[in-house]
Every structure is written in structure tokens, then in C-alpha cells.
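# Observations on the three-dimensional arrangement
Each chain, letter by letter, is given below.
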Amino acid sequence: MSSQPRPIRGSRPVTPPLNSARSPHSPVSPKSLQPPACRHRDRSPSPMRGYLIPSPLPTRRTRTTSATARAAEGPAFSGVCKCFSRSKGHGFITPSDGGKDVFVHISDIEGEYVPVEGDEVSYKLCSIPPKHEKVQAVEVTITHLNPGTKHETWSGETVSS
């Protein structure tokens, strides 16, 4: 008894085409189609790590006219700048009345100074599309500079407060 299957009567033996030779890199099994195991690198602790940044970042330029008008009509709130990164272009404000921190984009900051941690600010709220579940601060103005810290103007000059 042979281990090879017997051909069906009336059929021709099937021979593979000449070009079908497997290369050493061709997949052999579904397991080989999986991407290589990803090594997770250790990340340094960051104050921004726990926050979800909206993607894409909503800017004054990409905001609709109607959303800007609704935000301008709304009430003004006050809070304290929790953190702001000029190089990243965004930061967070802690509201005075408590609640979740509010996202702020660099394009929504009014005035001549870059906000730093501890600055008191006033702002209005605008919802973030597409679901309008989250909000961001718009028309942000610094009302009181944090004493004892160096502040930078948008042109790059440093001023002590």
C-alpha cells in the first residue's frame, strides 16, 4: 500500500507551474502572516500622559463660523493654567469651580504672553466635533500672571513677573 493518493480515473495529473517555486520569504502558514511581536518601550512619566488629546487638533482656523459664534455668545469662565507647551501647541486649564480640565489650543490664546503654570485665565467654551461631547477653551486671556515666574512673549522676549 502506497502513501500517495491514487489519481482519479479520467483526470490528468496536476503539475505546478514553473513560476510557483516558493521563495524563502513567502508565507507558509497563517501564523507567519502575523506582524512581528512589538516590544513596548518604557515611557518616561509625563504630566500630559493621562489626557486624551483630540485628533485632529481643533484650531481657530478649522472651527466653523457657527461654532465660533456660539462660543462668543456663551458665558465667560475663570480658571488656572495647569500646563501649556508652546512647542506642542496646546495645554490644559483647571476650572475655578472644579470639574475636568479643559483643553486649550495655542491658536485660541489672546494677549501678548505665553501662559505658564499657575496663571489665572478667563475663557469661553466651545464643543469639539464630531460628537460634541468634549469641550475646549476659546478666547483665552490671562487675567493675572503667576507671581515669581518668568513669562515669555509670543515674540520670544522674557519678562519677570
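- The name recorded for the chain in an unreviewed UniProt entry is Calcium regulated heat stable protein 1, from Cynoglossus semilaevis.

## Notes on the sheet that holds strand β5 (residues 134-144)
- A barrel is described by the order of its strands in space; here 5 strands give the closed sequence β1-β2-β3-β5-β4, paired in mixed fashion. Sheet twist, expressed as the average angle between the axes of neighbouring strands with direction ignored, equals 50°.
- Pairing geometry for strand β2 (residues 90-95) and strand β3 (residues 102-105), over 4 bridges, is antiparallel. The residue of β3 that forms the bridge with G91 is V104.

## Things to note about the state of the cysteines
- For the coordinates displayed, the defined rule picks out 0 disulfides.
- Not engaged in a disulfide, the cysteine C81 finds its nearest cysteine sulfur in C83; these two sulfurs lie 6.6 Å apart.
- Taking relative accessible area as the criterion, C81 reaches 4% and is therefore assigned buried.

## Observations regarding the pattern of salt bridges
- Applying the stated criterion across every chain yields a total of 3 salt bridges.
- In this structure, the salt-bridge partner of E152 is R86, at a minimum N-O distance of 2.9 Å. With E152 in strand β6 (residues 150-152) and R86 in the loop between β1 (77-85) and β2, the pair connects residues that are 66 residues apart, well separated along the chain.
- Judged by its relative accessible area of 32%, E152 falls in the partly exposed class.

Reading guide: rules and limits
Residues numbered from 1 in each chain as written. Predicted model: local features only at pLDDT ≥ 70, side-chain atom pairs only at ≥ 80, totals over all residues. Heavy atoms only, no water. Pairing = 2+ DSSP bridges. Helix = DSSP H or I, 4+ residues; strand = E, 2+ residues; numbered from the N terminus. Axes fitted to C-alpha atoms, helices over the stretch in contact; angles between N-to-C directions. Disulfide = S-S within 2.5 Å. Buried < 20%, exposed > 50% of the residue type's maximum accessible area, 1.4 Å probe, protein only. Salt bridge = Lys/Arg side-chain N within 4 Å of Asp/Glu carboxyl O.

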